[in-house]
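# Residue-level structure breakdown
Chain by chain, the residues run as shown.
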Amino acid sequence: MPSQRSANQWVEAWRRMRRQRLTMFCLAIIVLYIGLAIWAFTGVGFPDWDKGDYTRNNEGCSLQHWLGTDIQGQDILFQTIYGTRVALTVATVAALLAAVIGTVLGTVAGFFGGIIDELITWLYSTLASIPGILLLMAFAFVLKDKQFDLFGWHFRLTGINAVYLALGLTGWVGLCRLIRGEVIKHRDRDYIVAARAIGVSNSRILFRYLIPNVFHLVIITFSLSFVGYIHAEVILTYLGLGVVDVPSWGKMIRDGGQELAKGHWQQLTAAAVAIFIISYALHIFGDALRDALDPKLRGEGI
Amino acid sequence: MKLWIGIGVLAALFAAAFIIIPMLSSSGDDAGEMVRHIALGSKIRGLDPQDIGDTTSSSVGSQIFETLYTYAYLKRPYEVIPLLADDMPTISDDQMTWTIPIRKGIRFADDPAFREGRGRELLAQDFVYSWKRMADLNNRSTNYSAVFAGYVVGLDEFRDYTANNNHVDYDREVEGLKALDSHTLQIKLTKPHNFLLYWLAHLPTAAVAREVVERYDSEIANHPVGTGPYILVGGYAGKSSFSMIRNPNFRGEHYPTEGEPGDKEAGFLDDAGKRIPFIDRVEWSIIEEDQPYWLNFLKGNIDSAGIPKDNFSQAITVDRELSPDLARKGISLNKFKDPSVYYYGFNMDDPVIGTNKPLRQAMSLAFNRQVYIDTFLNGRGELPKGPIPSMFPGYRTDKVNPYVAFDLDLAKAKLAEAEKIQGGPIPPMRLALGGTDTTVTQMGKFFRIQMKQIGLDVEVDYMTWPRFQEAQKTRSHQLFGLGWVADYPDAESFLLLFYSKNRSPGPNGTNYSNPEFDRLYEQAKGLPSLNDRIPLYQKMEDIVIEDCPWLITHYRLAFILHYDWLKNYKPNDFANGTLKYQRVDMALRKRRLKESE
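Computed from a predicted model, the values in this text were never measured in an experiment.

In this section: the interface of chain B and chain A. Taken together, the contact between chain B and chain A spans 18 residues of the former and 17 residues of the latter. Those elements that place two or more of their residues in the side of chain B that touches chain A are α9 (290–298), α10 (312–315), α13 (369–377), α15 (438–452) and β18 (458–462) of chain B. Broken down by element, the residue count for the side of chain B that touches chain A peaks at seven residues, all from α15 of chain B. Residue composition of the side of chain B that touches chain A, by class: five nonpolar, eight polar and five charged.

The following block contains the structure:
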């Protein structure tokens, strides 16, 4: 049974990864970041970002403020930790959105073929031909401050929501292409042909047999692209298109670049180090996950 | 053999890339051309003089377009002198008819819009046309209401005629605006206009040529063709840098021979009587972020600059003087009071903020101005009292404005009143700021934090300067941050911002309206003597202070730096197009740049 095989595949992958100490170390870092993000979500112990202390702004490192304070007198260490929440949330939402779009479109295109396949291929080829960051900026620009009325529910796309959408709407191309190729490969395999022959419906074939068999690709792409989304959020915010009123790494780098002239290095450094560590951990872990789940893909890069 | 040819070609290409191209690109400076380098902190909104209302566009446009009058470059107090006019206006005894002779032989810059591409002579008719353009509602000029509305016989009727009329007939006669002959202009007024002379020295009344406007139509803001000393090369739209070169058709004008005491010693009269302009080419760049702007100045890539807040301590000592490091580089400092006031405006048309005076007062009380000035301006601001800055006659040192104090208890009490009027909690508000750079976002956050102190939520929208201005014209801001620099040396230049007939798209951006204020304003405008006007100005100021359509933050103290290779650089608050007086010592510049390498 295919699902049985998938379950074994996951157990086997975990067993393989557990032997690698570096991978486990990176996983620990990721878990730590997730922990920090969850802490930031609870808000316990965090300063109020709508409160300033202008008698103690632009301070250097001290016992009370380990990494000093920024121009509004807000603690830089806490900003860095809070930045984890923003980065991980944006990356998770965007990666999920991209994964859903990519999987659905990829499977549909691969399975049905014909005009549907051509349409989807045309769509992702067009998107892929536009340089990523430009496309992302264009989406973020267009989506920013857009207002929607959905089923009587009114909402406005402020900074961070626009970033979610922009990243999700531009990020699905790679996964879609991969899934489509894999589905085409599986489409004519015996077990699918057999399922068809006994009259299993298309939707059941898709969801019961095909998607579980290509799902490892979704996981691999998700983990490898995750770090890309974190970077994209930082870049968008740095360019003034992303998060506005709460601390984020991009905003810290943006502000910190200017503060550097006054000798305040903490903001820039803290954000850069935070980004470096999580990027490093995610890359190593993502690579290990890929190797464990699908050794054929080793070295291909996604 | 082929290999050697290939290598030879590659070597030649490298030579071109690394030796010849850099030589070509710097050839301008080496060819003995005098070049001025200027950086602007925000994008240009447009170079249609009738529609220019912001200082950025004005600083560029005023090098291209000229007005009938201007301010003497060096003399203080400021004195109005003829520019395109041949003489001061002849004003009839009843003050109602102005006759202005126009200098002969002045030509527009060459442009394909003219016959055979050669700029034609400037005529009195050009002013009639340009001012009708300002009145034309289709052009949505920000200036008409302040300059001419209600004063020129028949011009308001012309304005009404342009409403709902896309094909305006500019030959339609306006009784109060006439070209008596090719070089004599006559203005007939409905009532005496004490500030008309000042307005005739202000860029929006500059002359444009009808052929040019008709040729470029909606693209006119990117095709400025004037009579001034410089012409724009290839437009500015969408560019981060652009150039101007000398206008070969520019008449012979001469550097002033008189100044104020001390000018001679300061070297401002060294070029007295010489033919101007001196500078051959002006290189403009738009640098919105503070740090690149500052580094470019330190590298000598721009000749003059303001000081970003984060570089202030590097540039200025605790005694408020220039740091020795910069002085050694040949930089000098000009400190002066700017004729300006900075504020956050409340849109009085807004259903929440416009109808709720205690709310506006509460917000004004919750804003800590001293911290703002210290944090974001390095102290380069004066605590304000009202809309009339301290350098203007009419300012009262003993005046107490109860709403510019930082008093959170009073603010909360006012907010409680405001909530009663609102009938519940105040909904979140939106503040628009005309910039997207780091400093502006920090200021936006500061505003948010200040309002949060009394429990008010404010969201900040950061937009480009052109977009901000467009939104202002259509009254779509709820709160907005802005400054106003006086157009002429009279406090009326600030009070006009509250006159109801100047509401957006006019300069009254808050759309404030108060009948008593209007009455006093109209009365003051009719009084020829400043001493008679001052008591009225003060009454008007009191009304504005109480109604609080502005959260005034400060009057600016300007700190401007420039290198010693830039000569004749004297700040002039009101004159337009002063680049023609400036000179660049290119040899000294080259030496200084070499020294600093």
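Before going further, it helps to examine the sheet that holds strand β9 (residues 241–246) of chain B. Residues and elements named next belong to chain B. With mixed pairing, four strands are arranged side by side in an open sheet as β1-β12-β9-β8. Bordering the open sheet on either side are β1 (35–40) and β8 (230–233), each of which pairs with just one other strand. Looking at each pair of strands side by side, their axes are set apart by 25° on average, direction ignored. Pairing geometry for β1 and strand β12 (residues 281–286), over six bridges, is parallel. Its bridge partner being in β12, Val 35 is matched across the sheet by Arg 281.

With that out of the way, let us pick up unusual backbone geometry. All names here are of chain B. In the segment running from Arg 76 into Pro 77, the intervening peptide bond is cis, with an omega of -10°. Examined against the element boundaries, Pro 77 turns out to sit in the loop between β2 (69–71) and β3 (80–82). Of note, the bond from Ser 504 into Pro 505 is cis; its omega dihedral lies within 30 degrees of zero at 5°. Positive phi is not limited to glycine here, since Gln 95 has a value of about 65°. A positive phi angle, near 55°, is found at Cys 548, a position not held by glycine. Topologically, Cys 548 is positioned in the loop between α19 (530–547) and β20 (550–563). For Cys 548, a count of 24 C-beta atoms within 10 Å gives the class buried.

This brings us to the pairing of strand β19 (residues 479–485) of chain B. Moving residue by residue along a regular strand, the side chains alternate between the two faces of the sheet. All names here are of chain B. Along β19, five of the seven residues are buried, which leaves the element largely enclosed by surrounding structure. Both strand β15 (residues 340–346) and β19 contribute to a ladder of seven bridges, which runs antiparallel. Counterpart to Tyr 342 in the pairing with β19 is Gly 483. Alignment of strand β17 (residues 429–433) against β19, held across two bridges, turns out to be parallel. Bridge pairing in β19 places Leu 431 opposite Leu 479.

Definitions and limits used
- Residues numbered from 1 in each chain as written.
- Chains lettered and ligands numbered in written order.
- Predicted model: local features only at pLDDT ≥ 70, side-chain atom pairs only at ≥ 80, totals over all residues.
- Contact = placed C-beta atoms within 7 Å.
- Helix = DSSP H or I, 4+ residues; strand = E, 2+ residues; numbered from the N terminus.
- Nonpolar A, V, L, I, M, F, W, Y, C, P; charged D, E, K, R; others polar.
- Pairing = 2+ DSSP bridges.
- Axes fitted to C-alpha atoms, helices over the stretch in contact; angles between N-to-C directions.
- Buried ≥ 20, exposed ≤ 12 C-beta atoms within 10 Å, placed from the backbone.

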